[in-house]
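# Analysis of the macromolecular model
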Amino acid sequence: MKTNPDKINSIASPKGRIGGVILFLLLFLLPSVKAQTVFYVPSYPYQEGGVVFADYDQDGDNDILIGCEGGADSLVFLINDGYGNFERSDVVTNCGIFIYCKEMNNDGLLEIVSRNHDYIFYYKNVGPGALGDTVNIGETTAENRRISGIYDMNEDGLLDVVYYSIRPNIAPLGWGIFYNNGDGTFNDEFLFPTENVEYVKTALLNNDNRPDALVSSALIIPGTYLAFNNPSGFTTDTLFSHSQLWIYNNIIDMDNDSDNDLIFYKPYNDEEFLFYENVSDENFINRGTTYKKIGTRDDVIADLNGDGYPDMACTSPTFDQYLSQMDSIYIFINNHNWGFKETERMYMGEYAMWNERIFSGDLNGDNRPELLVTGYTPTANRIRILWNDGTGHFVDTNTVSLNEQRKPEVMFNAYPNPFGTYTIFRSASPSVLKAELYGMAGNYIKSFGIPPMSEYRLDAGTLPAGMYFVKLQSGNNIQTIKLIHY
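Remember, predicted model here, so these are calculated numbers, not experimental data.

## Considerations on the overall build of the protein chain
Scanning the protein chain from terminus to terminus reveals two helices and 36 strands. Across the 486 residues that make up the protein chain, the buried fraction comes to 51%. Within the protein chain, contacts between residues separated by at least 24 positions form 46% of all contacts whose residues are at least 6 apart in sequence. Per element, the accessible surface of the protein chain, about 22000 Å² overall, is 52% carbon and sulfur.

This is the structure in structure tokens:
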């Protein structure tokens with residue numbers, strides 16, 4: 001093997017030896033760099049809505065959908081085999097920067113909701129995982145309307161789209177709802193048209209089963225407030241003014257008491273999260289702050305270590321004053337008393353950019369969420385998967401092998417669905433399936449059995465039109481599907 005004498009001499013010289021020692025120390029002192037599962041994508045996923053974990057092909061495991069834009073508009077599908085191995089397909093399309101995967105037309109299939117420069121829309125799912133035509137939900141221009149969430153806001157059994165506007169030079173500021181009519185059309189109700197809305201989150205916050213809104217503004221007035229969803233409209237309850245910029249927020253049950261709580265954090269140089277506990281119907285108590293790393297945000301809130309309490313995975317953005325902490329993912333474990341302990345820092349070893357985000361979901365069937373990271377390297381066109389080892393720590397390789405049985409044994413479908421006079425269950429299970437039919441309200445209707453690798457015809461008979469659920473069980477494996485009878 002040929003060598004470079006100049007390189008050898010430079011290292012052997014006093015200056016070279018000093019440089020070598022410095023290089024060795026730097027390599028020794030830097031946190032370890034983990035080699036995660038990496039996928040290159042056409043362009044970076046943008047904002048918090050750029051990646052979705054969902055069972056798009058309805059085979060019982062989470063797939064990954066990635067929305068890319070910026071000269072390479074496309075949807076990237078990573079279809080999961082149930083063990084965390086992925087088959088990739090790219091669809092070049094006029095996709096926006098926010099994507100969601102929800103059932104928009106009650107057909108039993110998940111649709112992809114997205115946004116481009118003209119419309120908020122959804123792609124019809126025309127088979128298990130097949131991409132069909134688009135249905136326009138409402139107009140938008142550039143970034144004047146961002147999707148905040150998709151919920152049934154008026155208890156009519158149809159999912160609506162909550163949005164907010166952030167560009168005063170393009171459209172009025174504020175937030176609103178596209179109400180789903182169920183026939184491919186939507187009604188736009190622009191609820192609060194005068195606010196400089198910075199962030200909107202939606203979830204159940206009281207006991208009426210109607211999703212409410214948590215709204216934050218970058219202005220002192222009106223500040224951050226709760227908008228409670230009532231049959232007659234929304235009523236607002238100001239939480240606190242913005243003497244401090246707690247403008248980023250989240251809604252999740254942090255203390256495992258079945259009531260959703262509130263989390264806030266500041267942009268830029270703040271070192272704390274602020275918590276409000278939901279103690280009763282529309283009654284919240286300030287639980288104070290907990291320390292975090294400078295510049296981190298609550299990208300992922302999920303039970304990472306399997307103790308039943310949600311933890312946090314955070315990234316740090318790119319600002320010069322945070323150079324000592326950039327390029328890392330921090331794990332904070334819930335101590336069950338409104339505090340969090342930092343248990344892990346994963347140094348990524350590359351240049352982080354504004355668009356780095358973390359997303360989570362179980363990808364290998366072990367009931368522990370993995371982390372997917374976007375936006376690293378100067379080109380930012382990569383995503384990385386970090387695998388949960390089962391204890392809330394994350395490793396570089398998949399912890400589930402193909403020899404482990406992770407897919408549920410219960411495998412079936414129903415066709416037609418929606419159905420009129422009958423639907424047929426087709427079982428791919430080698431065992432007898434015990435089936436139970438329930439109404440929308442959870443009322444038991446009937447039981448029946450499906451022979452192994454066989455079919456069962458369910459006649460509608462006197463069943464009224466509506467939504468039903470079928471629970472099928474084989475051994476300890478249970479799956480549920482939704483049926484629509486018209």
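## Side note on the environment of Thr-296
Along the chain, Thr-296 turns up in the loop between β21 (283-291) and β22 (297-302). For the pair Thr-296 and Tyr-330, spaced 34 residues apart in sequence, the C-alpha separation works out to 8.1 Å.

## Brief notes about the sheet that holds strand β34 (residues 455-459)
Either a parallel or an antiparallel arrangement is found when strands of a sheet pair, and the pairing is made through backbone hydrogen bonds. Ordered in space as β30-β31-β34, the three strands form an open sheet in which the pairing is antiparallel. Where the open sheet ends on each side, the last strands, each with one partner, are β30 (412-415) and β34. Averaged over all pairs of adjacent strands, the angle between strand axes in this sheet comes to 20°, irrespective of strand direction. Sheet analysis places β30 next to strand β31 (residues 422-427), joined by four bridges and oriented antiparallel.

## Describing the sheet that holds strand β6 (residues 100-102)
Strand order in the open sheet formed by four strands is β6-β7-β8-β9, with antiparallel pairing between adjacent strands. Edge positions in the sheet fall to β6 and β9 (130-139), since each of these pairs with one other strand and no more. Shown here is a sheet whose adjacent strand axes are inclined to one another by a mean of 25°, direction ignored. Pairing analysis gives three bridges linking β6 to strand β7 (residues 111-115), with the strands arranged antiparallel. Looking at the pairing, Tyr-100 lines up with Val-113 of β7.

## Observations concerning the pattern of salt bridges
Applying the stated criterion to the full structure yields seven salt bridges. Here Arg-145 and Asp-188 are joined by a salt bridge, their closest N and O atoms 3.1 Å apart. In this pair, Arg-145 sits in the loop between β9 and β10 (146-151) while Asp-188 sits in strand β13 (residues 186-192), placing the two residues 43 residues apart along the sequence. Under the relative-accessibility criterion, Asp-188 is labelled partly exposed at 38%. The partner of Arg-287 in a salt bridge is Glu-277, with the nearest N and O atoms 2.5 Å apart. Placement of Arg-287 in strand β21 and of Glu-277 in strand β20 (residues 272-280) is noted, with a sequence separation of 10 residues between them.

## Re unusual backbone geometry
A positive phi is found at His-336, a non-glycine position, where the angle reads about 70°. With respect to the element layout, His-336 can be found in the loop between β24 (328-334) and β25 (340-347).

## As for the pairing of strand β12 (residues 174-180)
In terms of burial, β12 is largely enclosed, as seven of its seven residues are buried. A two-sided burial pattern is seen for β12, the buried positions comprising Gly-174, Gly-176, Phe-178 and Asn-180 on one face and Trp-175, Ile-177 and Tyr-179 on the other. As paired elements, strand β11 (residues 160-165) and β12 share five bridges and run antiparallel to each other. Residue pairing for β12: Ser-165 is matched across the bridge by Gly-174. Pairing analysis gives six bridges linking β12 to β13, with the strands arranged antiparallel. From the neighbouring strand, Gly-176 faces β13, where its bridge partner is Phe-190. Linkage of β12 to β13, two consecutive antiparallel strands, is achieved through a turn of five residues, within which Gly-182 is found at a positive phi near 85°.

## Description of the environment of Asp-63
If you trace the backbone, Asp-63 turns up in strand β3 (residues 63-68). Among the residues examined, Asp-63 registers a relative accessible area of 0% and is labelled buried. Expressed as a C-alpha distance, the spacing of Asp-63 and Asn-85, which sit 22 residues apart in the sequence, is 9.9 Å. Aside from chain neighbours lying at most four places away, what touches Asp-63 is Val-52, Phe-53, Ala-54, Asp-55, Tyr-56, Asp-57, Leu-78, Ile-79 and Asn-80. Polar contacts involving the side chain of Asp-63 include one to the main-chain amide nitrogen of Tyr-56, which spans 3.1 Å. Looking at Asp-63, its side chain comes within polar contact range of the main-chain nitrogen of Asn-80, at 2.8 Å.

Definitions and cut-offs
- Residues numbered from 1 in each chain as written.
- Predicted model: local features only at pLDDT ≥ 70, side-chain atom pairs only at ≥ 80, totals over all residues.
- Heavy atoms only, no water.
- Helix = DSSP H or I, 4+ residues; strand = E, 2+ residues; numbered from the N terminus.
- Buried < 20%, exposed > 50% of the residue type's maximum accessible area, 1.4 Å probe, protein only.
- Contact = heavy atoms within 4.5 Å.
- Areas by Shrake-Rupley, 256 points an atom, 1.4 Å probe, with all protein chains shown as cover.
- Pairing = 2+ DSSP bridges.
- Axes fitted to C-alpha atoms, helices over the stretch in contact; angles between N-to-C directions.
- Salt bridge = Lys/Arg side-chain N within 4 Å of Asp/Glu carboxyl O.
- Polar contact = N/O pair within 3.5 Å; in protein donor to acceptor, adjacent residues only side chain to side chain.

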